[in-house]
Structure formats: C-alpha cells, structure tokens
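Architecture and fold: a report
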Amino acid sequence: MAERSTAVVAASAALLLLLLLSAPATADVAAAAANRYPPLASGLSFDFYKKTCPKAESIVRDFLASAVKQNVGLAAALIRLHFHDCFVQGCDASILLDSTPTEKSEQEAGPNLTLRPAAFKAINDLRARLDRACGGTVVSCADIVALAARDSVGIAGGPAYQVPLGRRDSLSPASQTAVFDALPAPTSNVTTLLRFLARINLDATDLVTLSGGHTVGIAHCSSFENRLFPTKDGTLNQWFARQLGLTCPAKGAVNTTVNDIRTPNTFDNKYYVDLLNREGLFTSDQDLFTDARTKPLVTKFAVDQQAFFEQFVYSYVKMGQIQVLTGSSKGQIRANCSARNPATAAGNDGDLLPWSVVETAVETGLVL
C-alpha cells in the first residue's frame, strides 16, 4: 500500500513538473495567436510547412535557444540580418548569396560589411538540420531567416508571434548600387528615413517601431562618429557624449559600443527611454525624438512596453513580406543558402521554373 502511495505521489509530481515546463510554451502560443497581424501576402500562410515539415519551427527555436546561450550577440545579429535582407530586393535571402566570378555579393556592399559571420553560420547550420528533419530541402532560406529573427526576438525577451511562411529564394543578389539605395545611413534624419521607407510601403509608425530593433546589438564608431567630430552633436546628453568619446577617442576609431546602454542584450522598450534621455546612438535614432512627426510615438513606447511589443509584431511581420517570391514559378529553394542551385540538364534550377521571362532571355542571349 505504501509503495502504491509513493508511486502515485511520484507520478503526480512528474505530471506537475511537465505542466510547469510546458506552461511558458503554451503561453507563448496563446500570445502569438492573440497578436494583430497585417494582411498576408499571396502565397504565404502561418501553417505553410504543416504537412511537408511539421517540426520546422521547433527545430529553429530549439537550435537558437542553445546557440544564443553560447553567444548572446547572435540574437541581435539575426534580427539585423532579416532587416538587411528585406530592405534590399525584398525578403528573398539574397543577402546570403556569396560572390561569384560574375556577381558581387550584397555582403560586400558598405552597409553590410558589419553583418556578423555568426549569423550566416547559424543560417547554414539551420539549413542542415532542417534538411535532415524534413527529408530534403523543403524550407526556403528566406523562411529560415524570418524564423531565426522571430525566435531571436523572443529569446531576447521580446514578444512571441507567428511568422507567415512560404517565401522562396532569389536567384541573384541585388547590385551594390541597389544596396546603397535601399539602406539609409545611420546619419539620416527622419525626413530621409521616411523617404526610404515609403519606397517599400512602410510609414512613420513602422519607422519608429522597427527602429526599436536597436534595443539589442552593437555599433561601430564609424556609424556615429559624425555626432562626435569635429564637434559634439548638441542633441547628445553630455554624459553620454563623454562615454562615447572614451570608446571612440578619434575619428576613424574601430571600436564598438552597445546600441542600448540600459539593457543591451534584452529586447524591451528601453531604447525609447534612451531617446527621451538624449542617449540615442545614431542620428537616425535620436532624430525620432526630435522630429514632431515621430516624437509622440517614441514617448508612448518609452512608457508602455506592451504597446511597443504589439506594434512591433505588426510592423515586423509587415516588413517580412516585402516583395516576397512565392509559388513554384518564382525563385527557388536553395539547397545551399549561399549559392544558387546548379542548373539541371533541362536548363532549369532544380525543381524550379525560370524566375522571369527577362532572366531566361538574358541567360540564352535573346534580345527582347
């Protein structure tokens, strides 16, 4: 009788432990479902891999939970990678393509030189894990980037949300000129930033919200030295300016500092608190609080983290759908995220049709 009672107690304790361990995941799922989302682009869905690779999302999440423990900066690096992919030519994983004898990689363009190698390695590692679990190349590199960014936000303390999936990968990188034309410099003011974002259907609310991604990560002196030399920017908090001067004592210094001095590795609303205290790192950051068009939302987010989280989900998912390639007639699913799939004997890219009539004409030497 005593043995039976002990067994019952042990079983009850085990069940309770299981429930406690699963509670956060259950809460995350509920929170993600409750979010407000923008309209989904044609061809994307929240359950795109439900039948072809049902464990895809958990594989990405579990891998990153472990990887970020070993390298806390990886979360910020993956969030930034998603930004730089989507702003240039759309969310098509073109940022991952390496240079070839005939095409330069987007990674070689100035704005992308500081993207972290660890982020690219993580995407490649995920590619290999997903291929093993899915029984082949099923999940696109563009979707891997989107999932990795989503899970990085959550692991760093940000909101849980769903990612619409079904993107396909581009066949070519954007030109170096296109990269510069798509990514505004950190020295930009709000007027310039709004002009850039208008080209990809993003507005002032999206600008303030997506800038909140700077709540994690680091920056190089070259990105903000214009605020220190030859004279100090008058919008800089004097104490903060002195601290930056210690990190970057002269123009051309190669040191780095954190984007958010309060909680540099936590995804929260402290970035906006920084701006209220004139401790924004870039001109493009601090001008959000200076410009009357964006100041009210900065102030709101500084005092209401939940409002920031809710809008971040909407704006980030919206950004993640910029010019996506969907359907079997566009793009491809790269087996190697850093290289276009080899052409088959039939002249197509693996199981794919040509990306466009124009591309086919160029490759075959036709004149349109």
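Quick note: structure is the one above.
The text that follows walks through the structure, step by step, so that each part is easy to find. This structure is a prediction, so every number in the text was calculated from the model and none was measured. (Residues numbered from 1 in each chain as written. Predicted model: local features only at pLDDT ≥ 70, side-chain atom pairs only at ≥ 80, totals over all residues. Heavy atoms only, no water.)

1. Description of the layout of surface pockets
- The space that makes up the largest pocket amounts to roughly 1,000 Å³.
- What lines the largest pocket is a set of 35 residues, and nearest its centre among them are Arg80, His84, Pro184, His214 and Phe282.
- Listed by contribution, the elements that provide at least two residues to the lining of the largest pocket are α3 (73-87), α7 (190-198), α8 (204-211), β1 (218-220) and α11 (283-290).
- Top element by residues in the lining of the largest pocket is α3. It accounts for 7 residues. (1 Å grid on protein atoms, 1.4 Å probe; cavity = no way out; pocket = protein on both sides within 12 Å on 5 of 7 lines; lining within 4 Å. Points joined across faces, edges and corners; volume = space filled by probe spheres on them. Helix = DSSP H or I, 4+ residues; strand = E, 2+ residues; numbered from the N terminus.)

2. Thoughts on the nonpolar core
- Judged by nonpolar contacts, the single largest core of 88 residues is most densely connected at Leu96 and Tyr316.
- Among the elements that line this core, the one with the most residues is α3, at 10 residues.
- Counting 12 residues, the second-largest nonpolar core is a separate cluster that includes Phe224, Leu244, Cys248 and Leu281. (Core = buried A, V, L, I, M, F, W, Y, C linked by side-chain atoms within 4.5 Å. Buried < 20%, exposed > 50% of the residue type's maximum accessible area, 1.4 Å probe, protein only.)

3. Let's talk about the state of the cysteines
- Summed over all chains, the structure comprises 4 disulfides.
- Disulfide pairing places Cys53 opposite Cys134 at an S-S distance of 1.9 Å. With the S-S bond torsion at -60°, the cross-link from Cys53 to Cys134 turns out left-handed. Taken together, the residues Cys53 in the loop between α1 (2-34) and α2 (56-70) and Cys134 in helix α4 (residues 117-134) connect sequence positions 81 residues apart.
- By relative accessible area, which is 3% here, Cys53 ends up buried.
- Put simply, Cys86 and Cys91 are joined by a disulfide, and their sulfur atoms are 2.1 Å apart. Disulfide Cys86-Cys91: the torsion about the S-S bond is 120°, which places it as right-handed. (Disulfide = S-S within 2.5 Å.)

Geometry only, nothing functional implied.
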